[in-house]
Structure formats: C-alpha cells, structure tokens
Amino acid sequence: MNFEHNESLELALQRNVRDALMEDIGRGDWTAQLVPADRRVQAHVIAKEAAVVCGRQWFDRCVETLDPAARVSWLASDGDAVEAGSEVCRIEANARALLSAERPALNFLQMLSGVATVTRSYVDAIAGVSPNPRGCRVLDTRKTLPGLRQAQKYAVRIGGGHNHRMALWDGILIKENHIAAAGSIRAALEAARGLDAGIDIQIEVETLDELAQALDGGAGNVLIDDFTLEQMKQAVALNNGRALLEVSGGVDLQKVREIAATGIDRISIGKLTKDVRAVDLSMRVLA
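Overview of the structure. (Residues numbered from 1 in each chain as written. Predicted model: local features only at pLDDT ≥ 70, side-chain atom pairs only at ≥ 80, totals over all residues. Heavy atoms only, no water.)

**Details of the nonpolar core**
(1) Moving on: With 82 residues, the main nonpolar core has V45, F59, I91 and V222 as its most contacted residues.
(2) Moving on: Considering every element that reaches this core, the biggest residue donor is helix α3 (residues 95-125), with 13 residues.
(3) Moving on: When sequence neighbours within four positions are dropped, the list of residues in contact with I91 reads V41, Q42, A43, H44, V45, F59, V63, R71, V72, L98 and M283. (Core = buried A, V, L, I, M, F, W, Y, C linked by side-chain atoms within 4.5 Å. Buried < 20%, exposed > 50% of the residue type's maximum accessible area, 1.4 Å probe, protein only. Helix = DSSP H or I, 4+ residues; strand = E, 2+ residues; numbered from the N terminus. Contact = heavy atoms within 4.5 Å.)

**Regarding the sheet that holds strand β11 (residues 266-268)**
(1) Moving on: Strand order in the open sheet made by the six strands is β6-β11-β10-β9-β8-β7, with parallel pairing throughout. Each edge of the open sheet carries a strand with a single partner, namely β6 (137-139) and β7 (171-174). Averaged over all pairs of adjacent strands, the angle between strand axes in this sheet comes to 25°, irrespective of strand direction.
(2) Moving on: Looking at chain direction, β6 and β11 are connected through three bridges and run parallel. Directly across from R137, in β11, lies its bridge partner R266.
(3) Moving on: On top of the sheet, helix α6 (residues 185-194) reaches β7 and β8 (200-205); it is set at about 165° to β8, its chief contact. (Pairing = 2+ DSSP bridges. Axes fitted to C-alpha atoms, helices over the stretch in contact; angles between N-to-C directions.)

**Here's the deal with empty space enclosed by the protein**
Here the idea is plain: a probe the size of a water molecule rolls over the atoms and shows the empty space left.
(1) Moving on: Tallying each qualifying case throughout the model produces one cavity of 30 Å³ or more.
(2) Moving on: Considering the residues around the largest cavity, the lining is formed by A51, V52, V53, V82, V88, L109, S113, V279 and L281.
(3) Moving on: Elements supplying a minimum of two residues to the lining of the largest cavity: β2 (51-52) and α3. (1 Å grid on protein atoms, 1.4 Å probe; cavity = no way out; pocket = protein on both sides within 12 Å on 5 of 7 lines; lining within 4 Å. Points joined across faces, edges and corners; volume = space filled by probe spheres on them.)

**Thoughts on the pattern of salt bridges**
A side chain with one charge can pair with a side chain of the opposite charge if their charged atoms come near.
(1) Moving on: Overall, the coordinates contain 12 salt bridges when judged by the stated rule.
(2) Moving on: We note a salt bridge from E10 to R61, for which the minimum N-O separation is 3.2 Å. Here the residue E10 occupies a position in helix α1 (residues 9-25), and R61 occupies one in helix α2 (residues 56-66), the gap between them amounting to 51 residues.
(3) Moving on: R134 is paired through a salt bridge with D265; the nearest N and O atoms lie 2.9 Å apart. With R134 in the loop between α3 and β6 and D265 in the loop between α9 (253-260) and β11, the pair connects residues that are 131 residues apart, well separated along the chain. (Salt bridge = Lys/Arg side-chain N within 4 Å of Asp/Glu carboxyl O.)

**Concerning the packing of aromatic side chains**
(1) Moving on: A complete count under the given rule lists two aromatic pairs for this structure.
(2) Moving on: Pairing W58 with Y154 gives two aromatic rings, centres 5.4 Å apart and planes at 45°, and the pair type is tilted. In this pair, W58 sits in helix α2 while Y154 sits in helix α4 (residues 149-158), placing the two residues 96 residues apart along the sequence. With respect to burial, W58 and Y154 carry one shared label: buried.
(3) Moving on: Consider the rings of F59 and W74, whose centres lie 5.4 Å apart with planes at 75°: the pair is edge-to-face. Of this pair, F59 sits in helix α2 while W74 is found in strand β3 (residues 71-74), placing the two residues 15 residues apart along the sequence.
(4) Moving on: Judged by its relative accessible area of 0%, F59 is buried. (Phe/Tyr/Trp six-rings, centres within 6.5 Å; stacked < 30°, edge-to-face > 60°.)

**Brief notes about the sheet that holds strand β12 (residues 281-285)**
(1) Moving on: The sheet built from four strands is open, its strands ordered β3-β5-β1-β12 with antiparallel pairing. What marks the edges here is a single partner per strand, and that holds for β3 and β12. Pairwise comparison of adjacent strand axes, ignoring direction, gives a mean angle of 20° for this sheet.
(2) Moving on: Pairing between strand β1 (residues 40-47) and β12: five bridges, direction antiparallel. Within β12, the residue paired with I46 across the bridge is S282.
(3) Moving on: Running at roughly 160° to β3, α2 makes contact with β1, β3, β5 (87-94) and β12 of the sheet.
(4) Moving on: Together, β1, β3, β5 and β12 form the strand contacts of α3, whose direction differs from that of β5 by roughly 150°.

**What about α9?**
(1) Moving on: For α9, the full list of buried residues reads V256, I259 and A260. When α9 is viewed along its axis, its buried side chains cluster within an angular range of 90° and face the same direction.
(2) Moving on: For α9, the secondary structure elements touched by its buried residues are α3, α8 (229-239), β10 (244-248) and β11.
(3) Moving on: The opening residue of α9, the one whose side-chain oxygen lies 3.0 Å from the backbone nitrogen of Q254, is D252. (Arc of directions from axis to C-beta. Polar contact = N/O pair within 3.5 Å; in protein donor to acceptor, adjacent residues only side chain to side chain.)

**Side note on the pairing of strand β9 (residues 221-225)**
(1) Moving on: In terms of burial, β9 is largely enclosed, as five of its five residues are buried.
(2) Moving on: Burial of β9 is two-sided: the residues N221, L223 and D225 facing one way and the residues V222 and I224 facing the other way are all buried.
(3) Moving on: Inspection of the sheet shows β8 paired to β9 by three bridges, in the parallel sense. When the sheet's bridge partners are listed, V205 is paired in β9 with I224.
(4) Moving on: Tracing the backbone out of β8, into helix α7 (residues 208-216) and back to the parallel element β9 gives a crossover that is right-handed.
(5) Moving on: Where β9 meets β10, five bridges bridge the pair, whose relative direction is parallel. Bridging across to β10, I224 finds its partner in V247.
(6) Moving on: Handedness of the crossover joining β9 and β10 through α8 is recorded here as right-handed. (Right-handed = clockwise from strand over helix to strand, strands pointing away.)

Structure below.
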C-alpha cells in the first residue's frame, strides 16, 4: 500500500485533534449541557509533579476548535521544566466548550510532557560522559503509539533528544534478513545505494567481523546489536570515526551512561515513546 504524501507535523496535529475530539464527544457532550450555553469561565492547569512541559499546540487546538474565541495564556513554554504545584497555563473560554475539550486537551499535554520528561532524564544521564568528539545523542525509535508518531517524536526533540528515522519513507535500515536475501553485507549496501532515494542508509551488524565488512563496504551508519560494553569499545576503536555507530535494545537509565562512555555516537531507546507514563496535570475551573 502506498499513500499520496508523507505526513507533516501540522497535518498530524490536525488529525490528532480531530480524532481525539471525535472519539470523546461524538454526537454531543450531554454532561456539558448542564451548564448554561452562554457562560464563560476561567480555569487553570496545575502540574502535580515535576515535569518537562510539552504539547501546547495540541492543548490549544483542542480548546480553540470548540471555542475559537477562547484564550489560553501559558506560563511555561514547551521544553520548560516545572515543579510540582506550578501553574502551567490559564484559560478563558465558553464553559461548555472547555468542559468538552478538557480531557482530550489534557491527554495530549500529559502524554507529550511524559515523553519529554523521560527523554530529558536520559539526556541528562549521559551529559559530559562521552569521550567521542562528536558527542553522544539520545535517539527515539519507531516504537510509537499508533497515530501519534509525529507528536511523540516532537516531544522527544523538546526533551533534548533526537529523532531516528521518522518512518519507513525517511530512511533505509538493512537488517539480518535483508542481508541474507541480498547475499552479503556489501551486496545489501550496494543495492541500497542503487535506489538513489536521497535518504540515510543504516545497516545492522551482530559481530565485530560484520562491522568490519560493513565498514569495508562503505557503510556510513551502523547499528550494533547485542554487543557487550567491551565489544562496544572495540567497535569504536575499529570504526575509528568512519561511520556513525548506534546502540539499541535493552537500554535503561542504569545502562545508558556506561554505554555513552564507550564512545558510541548514538543510543536509540524505544521506551521513550513506547512505555509512556503520563505526567500528572489537573485542570480546575476558577470562576
């Protein structure tokens, strides 16, 4: 199956908000109708725990879609760290519209702030430890919540991380089965370059011998799989700066600093977007 275009962040945002409002409101919010139709209220959002704020655009769009005259005043920008008890934003809007938008808007803000917060923790964990002159980057993966790829990868960037390929259209990753089908590492790399797709080519290797073959084949980006810390150090020495070296799989906060200290260029971490714990935020109507 092919599609007509690659989705942008803006198009994804529009789709996200429409889907969230549709699934929650459907043909109407009966409970909101308990409030007079013309009543306007003020409210605020409070952080109930320390977090990195992310998701303002999704929050705003949920509220403004239901009340174009609504005003959201933010006291924290995306990327700001806030403490428990901090006021994150203030809202003035039609009461019915705000009550209907509350849960979808908070869902986005809580989830995306959760991704940004955990990403920041990994970025902070490896700060200053890498001997690599290029430094070491924390990357996400394609292990994202269905339909929220662009949003979650935006949150990773806000948390100080970097994006791996956005999707299948955004890069070539040659894995074990591709190599077996092509006949060799060199053949797989040549076939990938022959596509002339104008996108990054990465190849996965499982041993130091395979790494040597990939480097001899002109690989510029190599994913090393299931290497020990000592093997990572050997891989860095063998590579000698020729290609970007990436580690993935089983990375947690206890391991990430040791991995960065080997001199690896990049560490990709699926749990940034896969194992999401939403930040605890609360909206309260003030008047």
